There are 2 protein chains.
Amino acid sequence: MRFGSLEAGGTKMVMGILNENMQILRSTTCLTRTPEETMPDILDFFEGEHLDAVGIATFGPVNLNENSSEYGNITSTPKLAWRNFPLYRTMVDTLKVPCLVDTDVNAAALAEATYGAARNLNNCLYITVGTGIGGGLLCEGKLVHGMLHPEWGHIPLSRHEDDPLTRGICPYHTLCLEGLASGPSIQNRWGVPANELLEDHRAWDLEAFYLAQLCVTALMTVSTERIILGGGVMNQSVLFPKIREKLSEMLGGYLQHPRIENLEELVCPPALTPNSGLIGGALLAKRAYEST
Amino acid sequence: MRFGSLEAGGTKMVMGILNENMQILRSTTCLTRTPEETMPDILDFFEGEHLDAVGIATFGPVNLNENSSEYGNITSTPKLAWRNFPLYRTMVDTLKVPCLVDTDVNAAALAEATYGAARNLNNCLYITVGTGIGGGLLCEGKLVHGMLHPEWGHIPLSRHEDDPLTRGICPYHTLCLEGLASGPSIQNRWGVPANELLEDHRAWDLEAFYLAQLCVTALMTVSTERIILGGGVMNQSVLFPKIREKLSEMLGGYLQHPRIENLEELVCPPALTPNSGLIGGALLAKRAYEST
């Protein structure tokens with residue numbers, strides 16, 4: 001078996017060939033430019049590989065309605081060159097193998113639930129905190145799409161009373177997670193990039209306050225069994241303990257369950273970094289293969 | 001076929017016998033007192049009915065882990081007499097038929113998705129806004145349990161800047177939905193019961209502001225296809241238009257989908273009132289029957 005996986009990110013594309021055990025046999029990356037410039041590189045990588053199927057784990061928003069003629073089209077992205085681009089159609093027309101599309105974060109959630117930090121669980125949330133904030137969601141063993149697909153980055157939050165910003169940097173929402181806690185919002189608030197802020201900077205208390213609110217929301221809405229926090233901002237190692245402390249404080253003893261007693265396990269980093277998305281894409285390919 | 005359904009609420013119990021078409025053949029209610037006083041009434045109703053199965057749609061928190069010896073036990077409720085009460089075990093030991101338990105709001109979501117306001121949809125959220133606030137969630141055709149079960153009542157919210165209250169009335173959380181928007185919180189804020197506030201009172205603008213935040217959270221977290229708002233507080237008919245208006249404002253054009261253009265359908269009342277819970281319980285009974 002040979003599964004192709006494309007992790008289509010906002011800044012780079014990762015292409016891989018994986019076997020049925022989800023071992024990465026070969027992979028490469030290229031920058032995300034325009035479809036005209038980028039697609040030939042992607043298709044070159046996969047062509048001649050005798051793939052059994054291919055999976056696409058892409059930035060969103062993306063049409064995931066399998067009954068739609070626009071299935072696998074990128075939709076209302078601010079990356080104008082990609083708006084309405086038929087990513088699925090372009091891949092399938094060239095590669096002529098079964099293909100399944102999902103968001104990069106849903107694919108990562110699937111990978112982590114299959115082999116990683118949420119192994120053996122039917123419910124997990126995978127969040128990436130970087131240039132943007134996005135979330136993938138597995139509920140009762142199913143990747144959630146709903147109307148479009150989960151976002152998580154734009155959930156409404158309460159402002160911290162000591163936040164020097166009176167509103168987040170999101171152009172759509174006054175107070176949302178991405179506007180208050182993404183990498184660019186940290187840089188906007190403190191004047192330096194997140195990775196240059198020392199671990200005793202109070203930036204991290206604010207960041208933990210906002211990410212803990214995300215965790216409360218995840219527990220109250222879908223009662224998830226694992227909250228996996230990845231992405232560049234989470235490289236600051238002081239964040240996890242601070243988030244768990246704030247989360248415990250915010251829950252205020254309301255939820256009672258053994259998992260709530262064990263926040264180190266409940267709120268954790270991904271186990272498959274940096275390959276959650278690529279492996280997730282190959283798991284989608286496997287599903288595409290099995291459903292034909 | 002004869003299915004028994006128990007809708008166990010905080011103030012009253014509703015018992016019903018339904019046929020396989022989910023028609024209610026007979027039903028009755030009694031006040032929720034202590035288990036010692038209430039259970040005999042419940043069991044009396046069902047005994048001698050030749051039931052094929054029974055479903056329990058109950059207030060929570062309740063143990064929904066089918067592998068647990070405490071399955072169907074009420075857990076950490078403030079209703080002290082019911083804490084740790086083995087509701088499932090008591091019913092099954094007496095009635096000796098297959099039985100399935102879920103939350104009252106999950107059962108209502110299931111009923112609405114089967115016959116009501118979310119018919120033919122795989123994703124819906126059912127929220128009741130009354131003495132408390134609770135939510136049931138169907139994602140991709142599955143009732144979500146997760147670690148415990150969804151709550152929704154305690155999601156964190158932003159305070160309205162003109163709210164006379166600086167914090168909600170929830171003993172656990174400073175700013176959560178139930179603490180800011182439940183019936184008792186309305187009464188606490190304005191000094192009169194919600195049902196005595198006229199439709200031009202600004203109470204309803206605040207209420208709509210908080211319930212619209214709930215809707216934003218539902219769309220951003222699970223991208224649900226239908227938000228069904230029931231419960232006593234929703235009897236104020238001016239609320240729905242106000243919530244939809246606020247929701248549209250809060251989304252700020254971020255989500256793009258035909259359903260977002262049609263908020264009258266997306267955010268709506270239940271269609272099966274007052275029987276969503278009772279029918280949901282019978283649908284659980286049917287599942288219990290079919291799985292044996």
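Please refer to the structure placed before this passage.
Now for a description of the structure that goes with this document. (Residues numbered from 1 in each chain as written. Chains lettered and ligands numbered in written order. Predicted model: local features only at pLDDT ≥ 70, side-chain atom pairs only at ≥ 80, totals over all residues. Heavy atoms only, no water.)

A word on the nonpolar core
Here's step 1: Judged by nonpolar contacts, the single largest core of 101 residues is most densely connected at I243 of chain A together with I243 of chain B.
Here's step 2: Among all residues touching I243 of chain A, those that are not within four sequence positions of it are A208, L211, A212, C215, L229, M234 and V267 of chain A. (Core = buried A, V, L, I, M, F, W, Y, C linked by side-chain atoms within 4.5 Å. Buried < 20%, exposed > 50% of the residue type's maximum accessible area, 1.4 Å probe, protein only. Contact = heavy atoms within 4.5 Å.)

Some remarks on a positive patch on the surface
Here's step 1: On the surface, K142 and R287 of chain A together with K142 and R287 of chain B cluster together into a patch of positive charge.
Here's step 2: Within the element layout of this structure, R287 of chain A appears in helix α10 (residues 276-290).
Here's step 3: Note on R287 of chain A: relative accessible area 35%, which makes it partly exposed. (Patch = residues over 30% accessible without salt bridge, like charges linked within 9 Å, V, L, I, M, F, W, Y side chains within 5 Å. Areas by Shrake-Rupley, 256 points an atom, 1.4 Å probe, with all protein chains shown as cover. Salt bridge = Lys/Arg side-chain N within 4 Å of Asp/Glu carboxyl O. Lys, Arg positive; Asp, Glu negative; His and termini not counted. Charge placed at Lys NZ, Arg CZ, Asp CG, Glu CD. Helix = DSSP H or I, 4+ residues; strand = E, 2+ residues; numbered from the N terminus.)

Quick look at the packing of aromatic side chains
Residues and elements named next belong to chain A.
Here's step 1: Evaluated as defined, the whole model comprises 14 aromatic pairs over all chains.
Here's step 2: Where F59 meets W82, the ring centres are 6.1 Å apart and the plane angle is 85°; that geometry is what we call edge-to-face. Of the two residues, F59 is situated in the loop between β4 (53-58) and α2 (87-95) and W82 in the loop between β4 and α2; the sequence distance between them amounts to 23 residues.
Here's step 3: On the basis of relative accessible area, W82 is assigned to the buried category, the value being 2%.
Here's step 4: Taken together, a centroid distance of 5.3 Å and an interplanar angle of 75° make the contact between F209 and Y210 edge-to-face.
Here's step 5: Following the ring pairs from residue to residue traces out a cluster consisting of F59, W82 and F85. (Phe/Tyr/Trp six-rings, centres within 6.5 Å; stacked < 30°, edge-to-face > 60°.)

Some points on the relation of the copies chain A and chain B
Here's step 1: With an RMSD of 0.0 Å, chain A superimposes on chain B once it is rotated by 180° and translated 0.0 Å along the axis. As the rotation angle and translation indicate, the two copies are arranged about a two-fold axis. When each C-alpha of chain A is compared by its distance to the rotation axis, S158 of chain A comes out closest, at 2.2 Å.
Here's step 2: A share of 100% of interface residues in chain A that are also interface residues in chain B marks the association as one of identical surfaces. (Least-squares fit on C-alpha atoms with pLDDT ≥ 70 in both.)

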